[in-house]
Amino acid sequence: MDYFDRFAVPHSSPMIVGSQIAIAVTVLAILVGVTYFKKWGYLWREWFTTVDHKRIGIMYILAALLMLFRGGADAILMRAQTAIPDNGLLDGQHYNEIFTTHGVVMILFMAMPFIIGLMNIVTPLQIGARDVAFPRLNAVSFWLFFWGAMLFNISFVVGGSPDAGWTAYFPLASVEFSESVGMNYYAIAIQIAGIGTLMTGINFIVTILKMRAPGMTLMKMPMFTWSILITNLIIVFAFPVLTVALALMTMDRLFGTNFFTMANGGSDMLWANLFWIWGHPEVYIVILPAFGIYSEIISTFARRNLYGYKSMVVSMVAISVLSFVVWAHHFFTMGHGAMVNGIFSITTMAIAVPTGIKIFNWLFTLWRGKIEFTVPMLYSLAFIPIFTIGGVTGVMLAMASADYQYHNTMFLVAHFHYVLIPGTVFAVLAGFTYWWPKIFNFQLSERIGKWAFWFIVVGFNVTFFPMFITGLDGQARRMYTYSEATGYGPLNLLSFVGALGLLIGFAFLVYNIYWSTRYAPRNITSDPWNARSLEWATHSPVPEYNFAIVPEVDSSQAFWDSKNNGPALFKGKYKEIHMPNNSGVPFVLGIIFFVWGFAMVFSMWIFAIISTLGIFACMAHRSFEKDHGHHISVEEIEETEKKLRGANA
Amino acid sequence: MKMKWALLTIIFSIATVLTGCDNPLAVLDPKGPVAANQANVIMISIWTMLIIVLVVVILYAIMLFKYRASKSSDDYVPPHVEGSHVLEAIWTIIPILIVIFLSVVSVRSTNEVEATPKGYEDQEPLIIYAASSNWKWHFSYPEEDIETVNYLFLPTNRPIEFKLYSYGPISSFWIPQLGGQKYAMSDMVNTLHLAAETPGEYMGRNANFSGSGFAEHTFNVKAMPEEEFTKWVDEIHGTAKKLTESEFDKLLEPGHVGQYTFNGTHLDFRPAPEHNHGASGNGESEHSEHSDHEDSKKADEAETEHQH
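In this text, all values refer to a predicted model and were calculated from it rather than measured experimentally.

Undergrad: Which parts of the structure should I look at to understand the interface of chain A and chain B?
TA: Frequently, the measure chosen for interface size is the accessible area that the parts lose on association. The interface of chain A with chain B comprises 97 residues on the first partner and 98 residues on the second. Carbon and sulfur atoms make up 70% of the surface buried where chain A meets chain B, a total of about 8200 Å² over both sides. Summed over the shared surface of chain A and chain B, the number is zero salt bridges. Viewed at the interface, chain B and chain A are joined by 32 residue pairs in polar contact (both at pLDDT 80 or more). Elements with a contribution of two residues or more to the side of chain A that touches chain B: helix H5 (92-126), helix H9 (268-301), helix H10 (309-322), helix H11 (337-350), helix H12 (352-366), helix H13 (375-398), helix H14 (400-406) and helix H16 (446-472) of chain A. At 10 residues, H13 of chain A tops the list of elements feeding residues into the side of chain A that touches chain B. Considered class by class, the residues forming the side of chain A that touches chain B number 54 nonpolar, 32 polar and 11 charged.

Undergrad: Help me understand the sheet that holds strand E7 (residues 179-184) of chain B, please; the structure alone is not making it clear to me.
TA: Either a parallel or an antiparallel arrangement is found when strands of a sheet pair, and the pairing is made through backbone hydrogen bonds. Residues and elements named next belong to chain B. Pairing in this open sheet of five strands is mixed, and the strands run E4-E10-E9-E6-E7 from one edge to the other. Of all strands in the sheet, those bounded by a partner on one side alone are strand E4 (151-155) and E7. Going from strand to strand, the sheet's axes swing by 20° on average, the running direction of each strand aside. Strand direction decides the pairing type here: E4 and strand E10 (residues 218-224), joined by five bridges, are parallel.

Undergrad: Can you help me understand the nonpolar core in this one?
TA: Nonpolar side chains tend to gather and get buried jointly when the protein is soluble and globular. In this structure, Phe109, Tyr186, Met249 and Trp271 of chain A together with Leu152, Phe162 and Phe173 of chain B are the most contacted members of the largest nonpolar core, which totals 289 residues. Looking at which element gives the most residues to this core, the answer is helix H15 (residues 410-440) of chain A, with 20 residues. One finds Ala131, Tyr167, Val189 and Leu252 of chain B within the second-largest nonpolar core, a separate group that totals 14 residues.

Undergrad: Help me understand a negative patch on the surface, please; the structure alone is not making it clear to me.
TA: On the surface, Glu544, Glu576, Glu635, Glu636, Glu638 and Glu639 of chain A cluster together into a patch of negative charge. Here Glu544 of chain A shows up in the loop between helix H17 (489-519) and helix H18 (558-563).

Undergrad: What is the right way to read the environment of Trp226 of chain A from this model?
TA: Residue and element names in this part refer to chain A. Assignment of secondary structure puts Trp226 in helix H8 (residues 223-255). When its relative accessible area of 9% is taken as the criterion, Trp226 is described as buried. When near neighbours in sequence (up to four residues on either side) are disregarded, Trp226 contacts Leu218, Met219, Met221, Tyr309, Val313 and Met316. There is a polar contact of 3.1 Å between the side chain of Trp226 and the side chain of Tyr309.

Undergrad: Where do I start with the UniProt feature "domain: Cytochrome oxidase subunit I profile" (unreviewed entry) in chain A in this structure?
TA: Taking the numbering used here, the UniProt-annotated feature "domain: Cytochrome oxidase subunit I profile" (unreviewed entry) corresponds to residues 38-554 of chain A. Taken end to end, residues 38-554 of chain A is 68% helix and 0% strand, and its two terminal C-alpha atoms sit 48 Å from one another.

Undergrad: Sorry, what's going on with the UniProt feature "domain: Cytochrome oxidase subunit II copper A binding" (unreviewed entry) in chain B here?
TA: Here, UniProt's "domain: Cytochrome oxidase subunit II copper A binding" (unreviewed entry) annotation points to residues 123-235 of chain B. Secondary structure over residues 123-235 of chain B splits into 9% helix and 53% strand, and the C-alpha atoms at its two ends are 25 Å apart.

Undergrad: Is there a simple way to think about the domain arrangement of chain A in this case?
TA: Residue and element names in this part refer to chain A. Assigned domains within chain A: domain 1 (10-47) and domain 2 (48-583 + 627-645). Here the C-alpha centre of domain 2 lies 27 Å away from the C-alpha centre of domain 1. Contacts between the two partners involve 14 residues from domain 1 and, on the opposite side, 19 residues from domain 2. At the boundary of domain 1 with domain 2, total buried surface from both sides reaches about 1400 Å², with 68% on carbon and sulfur atoms. Applying the counting rule to domain 1 against domain 2 returns one salt bridge. Ionic pairing is found between Glu46 and Arg55, a salt bridge with its closest N-O pair at 2.7 Å. Where domain 1 meets domain 2, there are eight residue pairs in polar contact (both at pLDDT 80 or more). Elements that contribute at least two residues to the side of domain 1 that touches domain 2 include exactly helix H2 (14-36) and helix H3 (40-48).

Each value, and the rule that gives it
Residues numbered from 1 in each chain as written. Chains lettered and ligands numbered in written order. Predicted model: local features only at pLDDT ≥ 70, side-chain atom pairs only at ≥ 80, totals over all residues. Heavy atoms only, no water. Contact = heavy atoms within 4.5 Å. Buried area = accessible area lost by both parts, 1.4 Å probe. Salt bridge = Lys/Arg side-chain N within 4 Å of Asp/Glu carboxyl O. Polar contact = N/O pair within 3.5 Å; in protein donor to acceptor, adjacent residues only side chain to side chain. Helix = DSSP H or I, 4+ residues; strand = E, 2+ residues; numbered from the N terminus. Nonpolar A, V, L, I, M, F, W, Y, C, P; charged D, E, K, R; others polar. Pairing = 2+ DSSP bridges. Axes fitted to C-alpha atoms, helices over the stretch in contact; angles between N-to-C directions. Core = buried A, V, L, I, M, F, W, Y, C linked by side-chain atoms within 4.5 Å. Buried < 20%, exposed > 50% of the residue type's maximum accessible area, 1.4 Å probe, protein only. Patch = residues over 30% accessible without salt bridge, like charges linked within 9 Å, V, L, I, M, F, W, Y side chains within 5 Å. Areas by Shrake-Rupley, 256 points an atom, 1.4 Å probe, with all protein chains shown as cover. Lys, Arg positive; Asp, Glu negative; His and termini not counted. Charge placed at Lys NZ, Arg CZ, Asp CG, Glu CD. UniProt positions renumbered as here; feature names shortened; annotations may be inferred. Domains from an automatic or database assignment.

Written as structure tokens, this is what we have:
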């Protein structure tokens, strides 16, 4: 009984019991369904063991979409709870768990994986490569992220969710004030996923630096690839800090050390500093790729080359450097005095300059263009003014003395949603729609896509704009309830209405995928948007080896130039292609990490030790393995090419 | 197009709301010099930022209106334009100038709000220790030798120096109409300078998430003329009971309580963690040893001698 009790959720409610049943039923249905349709072999051969960057990318995006709806459900619940004063829908504890998981899930298990998914699919294609530098490592990264995310997600049905906010400030996150295993899940699940992300960072830096097609110098890389390069550099510099911080947190929680606690010299500020030294660059990890996506889409649908290519690159580099020297603006109110606050205030505002350069370059990419309002373009255009509002409120927050008034209020919540939603969410939706035909060889419905777009854009503004006002009226963030006398009621109700609009928008998105998969025409070309960069130069769907002949490049929009009487991209004859073999080890390693994490969360040491040995066994297996991949013969390439050209004619 | 109008409407409605006067927003309705300073900075930044938003939105509207595919002829081919050094210099230099301007405003006002409020430099500040515990506020007036729980009486037109710390998770002491917030933490004492100029009742709260009772972690603030304040203190000396250590320990237990008034302060038997971090205005924070750290759970071992 005791054994069973520790897995029970301490603050159980009908909603959680419902979720437990729903999750159990869904898992069972999936297992039975896959068995019934005899798909285990297919899944194993084609997906679980794949090292193909495109398939890994698809799996990232699928997982990210699932997480979007998980985090979205949290969001709707929060807005429903605060829609009216003194609402009793959720109790305080439940609300705290929901906003904590909302933050973690949206940033770490939705935004980042979505971006990493797109970059997995697109980057090797954009640089004319056959795969990433370390395909097997790429699979390991994905499965670590996936099982880390799964571990985090079961927290709300097994043992209890984390409840100290996504920032997990100490001493609130210590065992003393957060007794359930929720914060253990936080420390360990994020650690597992974070290791995967760090490896992705290394993988893509090497890929971009070493595997570009002949002729593609750094200053001829498409803007999306540039943004990915810089993003991965930030990952490699920032994530080790998170790794260390989470390791110290794990020791505090599981082994009774006192790095961040109240007793024995622990310092709560140490956590805050470590968290934000990682956390602020993290914001740019999810924003910079969005800048890359928008650059591609805006130039494609304005039918113009990107304005100010060089200053776009320079500004991204500047942003990446500045992103590491502003972290203290997250706690201006921690009492470091006027001098420190002044310095961080200035470095923070400085970020507005390179960001502003980018905004104007996008505007001037539209100048003398021929703008087509496709769905990806609509998201990109909506991004410009909304993100500007997010940016200027960021400058307002950066003014230290004024921040004493905004800090911890709904004004801040409004600001970062005004940055992150048009910045990241619109971008991944735009990129997803834009690259969809490349991945699946049919387009998503523009008509349904536009319905989704309008509901999402209007719903977003209705949800978050009122928060600027309630924030200035003194509404603190993370309050599960408030009294009618505060006067926050009407604007919070408006926010809830907006959230429903967002919900409808995302429902349209799902419906679009369903509808288009069934009915959209399949006779499109491999370049349906009349685009500019290399990924559109190969077939759709992309063959395993990406390019039958490695392209030769001499501008940042090589494909466009070659279409318009420029030099041919593909010169020479087919040659044998060397490709890596599939492997089941990354998947198995991911599952072992999941078991290890679960054992650690509940301090089940025997399981933890056994699974640790399992992790080392996987690594040992790899180091003794003799796998030199396989070769695709010229005949095979010819056959594939003939078949694909037929489909795309 | 629709979106552009929607945005313009939003921008103008916020401008109207912000400048509206029938029911001003708390932060923009200051009742003391510190909050007034901050409201001033906020309004300067809002107007500056509105100019930028306006420029972007106008350019945006022109681009979308003039260069849409449906307006141009079928054979129009957009030109290849690399960029323009002049234009790019303009949208680099102007933002830099704006950032410099705002930096000056920000640094100056940050120095101001970290010091004794202007015009009050020659007055002796009233010192109040504000300690948070889950989920209460304990206010000690060492000079008056009284302590209140969950409510605060302040004299008007006198600088007040709050000494902030915590017996639990990080809390943030915030009275929006008197001035911005600052953290109360367990291992250091933060100083917050405020002053009230208009008598009245104000909302005070913990703004930093501190666990399940966070939403109700509030306190009432009443500002009154000096004479009235002195009368209130005298009254307490005559009527309230003495704060004992055991009573204080009981108050520290997590939970919500009403308002209390005591003679004596908890500083006598549980001094504030003042041995370090003296950041108070000029940006110098000393990071000394945390060796004699306090832990609310180890009440019995607590040092009884004064440390400040």
